Amino acid sequence: MVRITLLYFFLIFRWSVAVNVDLLVDFLKIKQSKIVLFFLCDLRKSQELHFAMNEKKVFNRIVDISGGLYTMPPDILPSSSYGRTLCVFDYSCERSGLVLGNFSDFHFFNTTYSWLMFANGGSNVDVSKILWELKSIQLNSDLTTIESVVGSNESDGRYTLIDVYAKGRHLCKDIYQHKYAEWDSQNGITQQPDYSRYHVRGNFDGIQLRGITVIDRDNITSDDVDRILSVPGSEQGIVGFVKYHYSLLSILRDYHNFRIKFRVARGWAGRLKTGYRLGLLGILARNEADVAATAIFQRINRHAEFDAIHQSWEFSAGFIYRITPQLSASGGGNFFTPFDNNVWIASVVTLLIVIIVLKAVSAITYRISKNAPNISIVTYFVDVVASVAQQGISSQVSLRLPIRIIIFSLLFLNLVLYNYYTSSVVGGLLSSPGKGPQTIEEMIESPLTLSFLDIGYHKILFRETKVPIIRELYQKKLQPSREGLNTIPVYTDVTTAVPFLKKGGYAFHCEMTEAFETIADQFDGNEICELRTAKGLFEDLSLMSFVLPKRSMYTELFKITMMRAQEFGLVKRNLKIHRIEKPICQSGSRVHPVELSGVSLAFAVLLGGIIVATIIVIIEKLFWKRAAKQLIRFYID
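Small disclaimer: the values here were computed from a predicted structure and weren't measured.

### Describing the overall build of the chain
Then comes step 1: Scanning the chain for helices and strands turns up 20 helices and 20 strands.
Then comes step 2: Scored against the burial criterion, the 637 residues of the chain give a buried share of 45%.
Then comes step 3: In the chain, 75% of the contacts between residues at least 6 apart in sequence involve partners at least 24 apart.
Then comes step 4: Total accessible area on the chain stands at roughly 34100 Å², and carbon and sulfur atoms take up 56% of it.

As structure tokens, then:
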């Protein structure tokens, strides 16, 4: 990030000294600044400073803070020279406190600015008291005070550079001062060999930060959070990525040595009609928490509400179900499945045409030659059915060449179709089932009973969504009452849902990695091979961000720590623990039995034939009984 170096030179002298130009030039080099702003109480040597900076080819400006010409900070500080400006501030006069207070009110003591502070002319002002009044000094402040080395004088020119920062003024914590370098006229600036700003500021000395997490359960207090989130496995009201980011927060907590007082929210976001923000996002926006033990989606309209320090969790919510033969897309034993509808229609039409042609040829032959038999159309119908069933024909083939050609063509056609049909059926029985429903539209049309993880974002989605397909899903699959039925609830947890998934006929919507561990424990090898996933309701969302409040003083420090944790492999290790992958299908080939629904057509044809035959027998019996009565009356008369 581009930084403007606003250097406030607060020199703490016990003797009367002037601003040392050589020290100032050396400090400009380590801050890589090209512009200097002097805020001075005494302008008697201002011209000398101005000429000295010009000789060094450094743009400079001098502001008198002892008089009444001073205006508000934004009117003085350059807005187009970020990362190039150095400001030198003399706090020895009475108005310096007012000026510093204005800078503090505008939050200029952050990572954007560097401050070097001095007191000219042997002032007895207590710098610690002045620093305590500056409420916007933060952990990311770049503020330096300079103090003459004890026993030195103006000719020695030896000074100590002191780093000033605070770990949490909003938490009523003190301001810390650490010596990090010395300057003398011969060696210039010599930094302490064992000093590291990251490590020195990174030790929080056990201070207590304000934390926020999301647990969708009743009666959860701050004392319960560590116990609940540290337990492995899935639990009611807690999603997997919350436990994962809690583990990342534990890395930060252990490394930087701080404690956390958690606040529990029931959801991630929301808004009242008055505009009041709810959930974790509202708490962060109001700066009521310092760290979040969960992640949140980094939508475009949320960029102004939090800072992201880490991204490693890919949100992958969807439907999980076990495929069974009754699913229309699986083709598990359905006798209509091997052929497309157009093939069935073409086959039936072709067979009807063959029957008609055979009867027409037979009638023409009978008229030409009285020796040729006049075979009925029923006989040809039986022959066609027998040839389709690979059973031959019912009588001797006619000696007429046209009929033989037609019969030969019919047998060849049935041979080809029969081979395709049986190959498809046997292959379907020996191979794994099909894909099953893959989209929300297919889930709506499928016979699966749907259930959803009992978490807030599902309920809010169905209550507030305006997406037509999701509203249709809710009306057709969720609204029908399940009260009194021995079935899966609409909203439930993973432990309750997995046994229903094992039975088949049910689909569970959650972030899929949450269910895979329980599924691996309860499913056998063949059942794992039948496990399927489908597109979920949050396909537009992907990466989740580990977040802090906007412009938090801890953002840069925690970013560095998370980058180092990733380099050391700690992030990957925690991701491996909390993000369980889908169980691998390791079962061999398996014959999938034909369900009753698949062979129902064959039984329906048989039953229909029996019923038709019975009706015909009854009709024939009544007909011949009536004919017999009429014959008897004829002979009597």
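Read on for the rest.
### Notes on the confidence of the model for the chain
Then comes step 1: Of the residues in the chain, 86% reach a pLDDT of 70 or more, and the chain-wide mean stands at 81.
Then comes step 2: Scored below 50 in pLDDT, residues 1-18 shows 110 contacts in the model against residues more than four places distant or in partner chains.
Then comes step 3: In this model residues 328-333 is a low-confidence stretch, pLDDT under 50, and it forms 12 contacts with partners more than four residues away in sequence or in other chains.

### Structural notes on unusual backbone geometry
Then comes step 1: With a phi close to 60°, Asn 257 is a non-glycine residue in the positive phi region.
Then comes step 2: The topology assignment puts Asn 257 in the loop between helix 7 (240-256) and strand 11 (259-265).
Then comes step 3: Backbone geometry places Asn 287, a non-glycine residue, at a positive phi of 60°.
Then comes step 4: On the basis of relative accessibility, which here comes to 45%, the residue Asn 287 falls in the partly exposed class.

### Describing the pattern of salt bridges
Then comes step 1: A full pass over the atoms with the stated rule returns 24 salt bridges.
Then comes step 2: Put simply, Arg 277 and Glu 305 hold a salt bridge, and the shortest N to O gap is 2.5 Å. Taken together, the residues span a long stretch of sequence, with Arg 277 in the loop between strand 11 and helix 8 (279-285) and Glu 305 in the loop between strand 13 (295-297) and strand 14 (306-314) at a distance of 28 residues. Comparing Arg 277 with Glu 305 shows no difference in burial state: the two are buried.
Then comes step 3: Note that Lys 502 and Glu 527 form a salt bridge whose closest N and O atoms lie 2.6 Å from each other.

### Things to note about the sheet that holds strand 10 (residues 208-214)
Then comes step 1: Overall, parallel pairing links the 3 strands, which are arranged 11-10-12 in an open sheet. Edge strands, defined here as strands with exactly one partner in the open sheet, are strand 11 and strand 12 (291-292).
Then comes step 2: Across the face of the sheet, helix 7 comes into contact with strand 10, strand 11 and strand 12 while running at roughly 160° to strand 11.

### Digging into the packing of helix 1 (residues 21-31) against helix 2 (residues 46-55)
Then comes step 1: Their axes nearest at 11 Å, the elements helix 1 and helix 2 cross at an angle of 45°. In terms of orientation, helix 1 lies oblique with respect to helix 2. Both helix 1 and helix 2 take part in a crossing whose hand is right-handed. Residues Val 21, Leu 24, Val 25 and Leu 28 of helix 1 touch helix 2, and the partners they reach there are Leu 49, Ala 52 and Met 53.
Then comes step 2: Taken together, the residues that form the contact of helix 1 with helix 2 break down as 7 nonpolar, no polar and no charged.

### Examining helix 15 (residues 494-503)
The periodicity of an α-helix, 3.6 residues per turn, causes residues three or four places apart in sequence to face the same way.
Then comes step 1: Within the span of helix 15, buried status applies to Val 494, Ala 497, Val 498, Phe 500 and Leu 501. Looking straight down helix 15, one finds its buried side chains confined to an arc of 165°; they lie on one side. In helix 15, the exposed residues that point more than 90 degrees away from the buried face are Thr 495 and Lys 503.
Then comes step 2: For helix 15, the secondary structure elements touched by its buried residues are strand 15 (317-322), strand 16 (449-453), strand 17 (491-492), strand 18 (506-511) and helix 16 (513-522).

### Things to note about a positive patch on the surface
Then comes step 1: Together, Lys 621, Lys 625, Lys 629 and Arg 633 make up a region of like positive charge exposed at the surface.
Then comes step 2: Locating Lys 625 in the fold gives a position in helix 20 (residues 596-636).

### Observations concerning the state of the cysteines
Then comes step 1: For the structure shown, the criterion picks out 2 disulfides.
Then comes step 2: The partner cysteine of Cys 41 in its disulfide is Cys 93, sulfur to sulfur 2.1 Å. One quick way to see it: the torsion about the S-S bond of Cys 41 and Cys 93 is about -60°, and its sign makes the bridge left-handed. You can see Cys 41 sitting in the loop between strand 2 (35-40) and helix 2 and its partner Cys 93 sitting in the loop between strand 4 (85-89) and helix 3 (96-105), a full 52 residues away along the chain. Each member of the pair, Cys 41 as well as Cys 93, is classed as buried.
Then comes step 3: The disulfide that involves Cys 529 links it to Cys 585, with 1.7 Å between the sulfurs. Around the S-S axis, the bridge from Cys 529 to Cys 585 shows a dihedral of about 90° and counts as right-handed. In this pair, Cys 529 sits in helix 17 (residues 525-529) while Cys 585 sits in the loop between helix 19 (570-578) and helix 20, placing the two residues 56 residues apart along the sequence.
Then comes step 4: Exposure remark for Cys 585: the relative accessible area of 42% places this residue in the partly exposed category.

### What to know about the sheet that holds strand 18
Then comes step 1: Strand order across the open sheet formed by 5 strands is 17-16-18-15-19, with mixed pairing between neighbours. Of all strands in the sheet, those with a lone pairing partner are strand 17 and strand 19 (531-535), marking the two edges.
Then comes step 2: Of the strand pairs in this sheet, strand 15 and strand 18 are connected by 5 bridges, and their pairing is antiparallel. Directly across from Phe 319, in strand 18, lies its bridge partner His 509.
Then comes step 3: The sheet contacts of helix 13 (residues 456-464) involve strand 16, strand 17 and strand 18, and relative to strand 16 the element is tilted by about 120°.

### Observations regarding the environment of Phe 27
Then comes step 1: Among the secondary structure elements, Phe 27 is positioned in helix 1.
Then comes step 2: In sequence terms Phe 27 and Gly 188 are 161 residues apart; their C-alpha atoms lie 9.2 Å from each other.

### What about the environment of Ile 375?
Then comes step 1: As for its placement among the helices and strands, Ile 375 is situated in the loop between helix 9 (341-368) and helix 10 (377-388).
Then comes step 2: With 13 residues separating them in the primary sequence, Ile 375 and Ser 362 have C-alpha atoms 6.8 Å apart.
Then comes step 3: Excluding residues that lie within four positions of it along the chain, Ile 375 makes contacts with Lys 359, Ser 362 and Tyr 380.

### Some details on the pairing of strand 4
Then comes step 1: Extensive coverage of strand 4 is indicated by the burial of 5 of its 5 residues.
Then comes step 2: On strand 4, burial covers both faces: Thr 85, Cys 87 and Phe 89 on one face and Leu 86 and Val 88 on the other are all buried.
Then comes step 3: Note that strand 2 and strand 4 share 5 bridges and pair parallel. Its bridge partner being in strand 4, Val 36 is matched across the sheet by Leu 86.

Calculation criteria
- Residues numbered from 1 in each chain as written.
- Predicted model: local features only at pLDDT ≥ 70, side-chain atom pairs only at ≥ 80, totals over all residues.
- Heavy atoms only, no water.
- Helix = DSSP H or I, 4+ residues; strand = E, 2+ residues; numbered from the N terminus.
- Buried < 20%, exposed > 50% of the residue type's maximum accessible area, 1.4 Å probe, protein only.
- Contact = heavy atoms within 4.5 Å.
- Areas by Shrake-Rupley, 256 points an atom, 1.4 Å probe, with all protein chains shown as cover.
- pLDDT = per-residue confidence, 0-100.
- Salt bridge = Lys/Arg side-chain N within 4 Å of Asp/Glu carboxyl O.
- Pairing = 2+ DSSP bridges.
- Axes fitted to C-alpha atoms, helices over the stretch in contact; angles between N-to-C directions.
- Parallel < 35°, antiparallel > 145°, perpendicular 65-115°, else oblique.
- Left-handed = near helix turned anticlockwise from the far one by under 90°.
- Nonpolar A, V, L, I, M, F, W, Y, C, P; charged D, E, K, R; others polar.
- Arc of directions from axis to C-beta.
- Patch = residues over 30% accessible without salt bridge, like charges linked within 9 Å, V, L, I, M, F, W, Y side chains within 5 Å.
- Lys, Arg positive; Asp, Glu negative; His and termini not counted.
- Charge placed at Lys NZ, Arg CZ, Asp CG, Glu CD.
- Disulfide = S-S within 2.5 Å.

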